[in-house]
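Given next are the chains, with one letter for each unit.
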Amino acid sequence: ALDYGMWKNARNLFDEAKPTHAMFMDIGYADTWVSVVAFTKGKASVLSCAWDRELGGRDVDAALVELLAAEFQAKTK
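Residues numbered from 1 in each chain as written. Predicted model: local features only at pLDDT ≥ 70, side-chain atom pairs only at ≥ 80, totals over all residues. Heavy atoms only, no water.

Engineer: Can you walk me through the packing of aromatic side chains in this structure?
Structural biologist: Centre distance and the angle of the planes are the two values used to describe a pair of aromatic rings. This structure, assessed with the given rule, holds 2 aromatic pairs. Between Phe24 and Phe39, the aromatic rings sit 6.5 Å apart at their centres with planes inclined by 80 degrees, giving edge-to-face as the arrangement. Of this pair, Phe24 sits in strand β1 (residues 20-27) while Phe39 is found in strand β2 (residues 32-40), placing the two residues 15 residues apart along the sequence. The class of Phe24 is partly exposed, set by a relative accessible area of 24%. For the ring pair Trp33 and Trp51, a centre distance of 5.0 Å and an interplane angle of 25 degrees mean the geometry is stacked. Taken together, the residues span a long stretch of sequence, with Trp33 in strand β2 and Trp51 in strand β3 (residues 43-52) at a distance of 18 residues. (Phe/Tyr/Trp six-rings, centres within 6.5 Å; stacked < 30°, edge-to-face > 60°. Helix = DSSP H or I, 4+ residues; strand = E, 2+ residues; numbered from the N terminus. Buried < 20%, exposed > 50% of the residue type's maximum accessible area, 1.4 Å probe, protein only.)

Engineer: Help me understand helix α2 (residues 57-76), please; the structure alone is not making it clear to me.
Structural biologist: Since the α-helix packs 3.6 residues into each turn, any two residues three or four apart lie on the same face. A rise of 1.5 Å per residue sets the reference length of α2, with its 20 residues, at 28 Å; its end C-alpha atoms lie 28 Å apart and thus fit the reference within 8%. Two residues or fewer after α2 comes Lys77, characterised by a positive phi angle close to 50 degrees. (Expected span 1.5 Å × (residues − 1).)

Engineer: What should I look at first to understand the sheet that holds β1 in this one?
Structural biologist: Across a sheet, strands are paired by hydrogen bonds formed along the backbone, either parallel or antiparallel in direction. With antiparallel pairing, 3 strands are arranged side by side in an open sheet as β1-β2-β3. Each edge of the open sheet is held by one strand with a lone partner, namely β1 and β3. Between one strand and the next, the sheet's axes are offset by a mean angle of 15 degrees, whatever the strand orientation. In this sheet, β2 lies alongside β1 in antiparallel orientation, the contact comprising 8 bridges. Note that in β2 the partner of His21 across the bridge is Ala38. (Pairing = 2+ DSSP bridges. Axes fitted to C-alpha atoms, helices over the stretch in contact; angles between N-to-C directions.)

Here it is in structure tokens:
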């Protein structure tokens, strides 16, 4: 979020009066994090941060494997 804000701020892409909101997601192997940040010229404010330590890429992989295995079973009997 800081890198995003500094890059945009250096190019004067933020308004001083009206904030620009951005959401950042980090989906790791075992967990997921989400943050919402408001950017104004020269300032960043974290509005919200949430996470799920039990939902990650491994869970998406497992769900896809189950779905594809079921479809394969149905087609090949």
